[in-house]
Amino acid sequence: MNKIVFLQPNSTVVPTEARDYPEWHLGRERYALWYIEVDDPVLISYLTKLREQFSDLLYQSNQRQFHITLFVAGFWVEQATQSDDFSRVQLNQQLERLKKLKLESFQLQIGGLNSFESALFLKVDDSAGVLDKIRKTLLQTSQEVAALSYCPHITLGLYREAVGSDHVLERMAEIEDIRYSLNVSKLTFGFYQSHVLQGALFSQTQIELGNAQCN
C-alpha cells in the first residue's frame, strides 16, 4: 500500500493537468466509489466558504459534491476484464456484506484544514473506527484500486498551478480549526464520469444505516 504524501515546507504543490487522461480511462466512462455524502447544510456552507477563500489556488470548475471517500472501487462495468474494473457482481457481494453488518448511524468529527501535495482538504476523525470496519468489509470481496494508506478527509479542491508550498501553508495557518460533528445515516455507492475532470458524483445505490435497507 502506497503512503500518502502531505504538503511539506520548502516544496511545491503538484498541480492537476487539465486534460482527458485517455491512458487512464481507456474509453471506460464511469469511475465508481463508496462514499459518505456531506449533506449537512451548516457544514456545506462552511466548506463552500473555505473553497472560495482558496479559489485562486484550486482547479476550476469543480462540480464534485463534498464527500468522504470510503473505498475506491474502479471503473464500473458489467463484467471486469481489466485489473481496475469493478463489476455488478462485486457490487452485489459488497452490498450483501454491508447489510449483514447491521450498522447504526454514527458521527464523525470534522477538524482542521490540511493538504496533500495535490489537494487541499479538511480532516475527518474516525476515532471510533467505524470507517475502518466498513473498509475491511468492502475489502473482503474486492481489492481497492490505486490503494493508498487510508486518510479520511473532505477534499476542497485540487491545485491548478505549481505554487510554492510555504505560501499555501501560511494561508492555511490563518484558518481557525473547527470541531464539527457530522451525523452519518447512509452509505452511498456511486460514480463520476471519467472524462470530466472534477465532475459531479452520481449516486447509484445507498444503504440506510439503522435498518441497513438498500434503496
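Residues numbered from 1 in each chain as written. Predicted model: local features only at pLDDT ≥ 70, side-chain atom pairs only at ≥ 80, totals over all residues. Heavy atoms only, no water.

Per an unreviewed UniProt entry, the protein carries the name 2'-5' RNA ligase family protein and comes from Acinetobacter johnsonii.

1. Describing the overall build of the protein
When helices and strands are tallied, the protein shows five helices and nine strands. Traced from its N-terminal end to its C-terminal end, the protein shows the element sequence α-β-α-β-β-α-β-β-α-β-α-β-β-β. Relative to the 2.2 N^0.38 estimate, which gives 17 Å for 215 residues, the radius of gyration of the protein is 17 Å and therefore close to what a compact globule would have. Judged by the C-alpha coordinates and their principal axes, the protein covers about 45 × 40 × 30 Å. Burial statistics for the protein: of 215 residues in total, 47% are counted as buried. Here the analysis covers contacts within the protein between residues at least 6 apart in sequence; of these, 79% occur between residues at least 24 apart. Per element, the accessible surface of the protein, about 11,000 Å² overall, is 48% carbon and sulfur. Averaging the locations of the 20 positively and 26 negatively charged side chains of the protein gives two centres separated by 7 Å. (Helix = DSSP H or I, 4+ residues; strand = E, 2+ residues; numbered from the N terminus. Rg over C-alpha atoms; globule rule 2.2 N^0.38 Å. Buried < 20%, exposed > 50% of the residue type's maximum accessible area, 1.4 Å probe, protein only. Contact = heavy atoms within 4.5 Å. Areas by Shrake-Rupley, 256 points an atom, 1.4 Å probe, with all protein chains shown as cover. Lys, Arg positive; Asp, Glu negative; His and termini not counted. Charge placed at Lys NZ, Arg CZ, Asp CG, Glu CD.)

2. Let's talk about the environment of Arg51
Mapped onto the elements, Arg51 comes out in helix α2 (residues 41-53). Spatially, the C-alpha atom of Arg51 lies 36 Å from that of Gln140, the residues being 89 residues apart in sequence. Once residues lying within four places of it in the same chain are set aside, the contact partners of Arg51 are Leu58, Asn62, Arg64, Phe66, Thr155 and Leu156.

3. A look at the pattern of salt bridges
Across all of its chains, the model carries 11 salt bridges by this definition. Three or more residues are tied together by salt bridges with common partners; here these are Glu17, Arg19 and Glu23. (Salt bridge = Lys/Arg side-chain N within 4 Å of Asp/Glu carboxyl O.)

4. Structural notes on unusual backbone geometry
Here the residue pair Gln60 and Ser61 is connected by a cis peptide bond, since its omega of 0° sits within 30 degrees of zero. Unlike most non-glycine residues, Tyr21 shows phi in positive territory, near 60°. Mapped onto the elements, Tyr21 comes out in the segment before α1 (22-25). Here Lys102, not a glycine, exhibits a phi torsion of approximately 50°, which is positive. Inspection of the secondary structure assignment puts Lys102 in the loop between α3 (88-101) and β4 (106-115). Given the relative accessible area of 62%, Lys102 is considered exposed.

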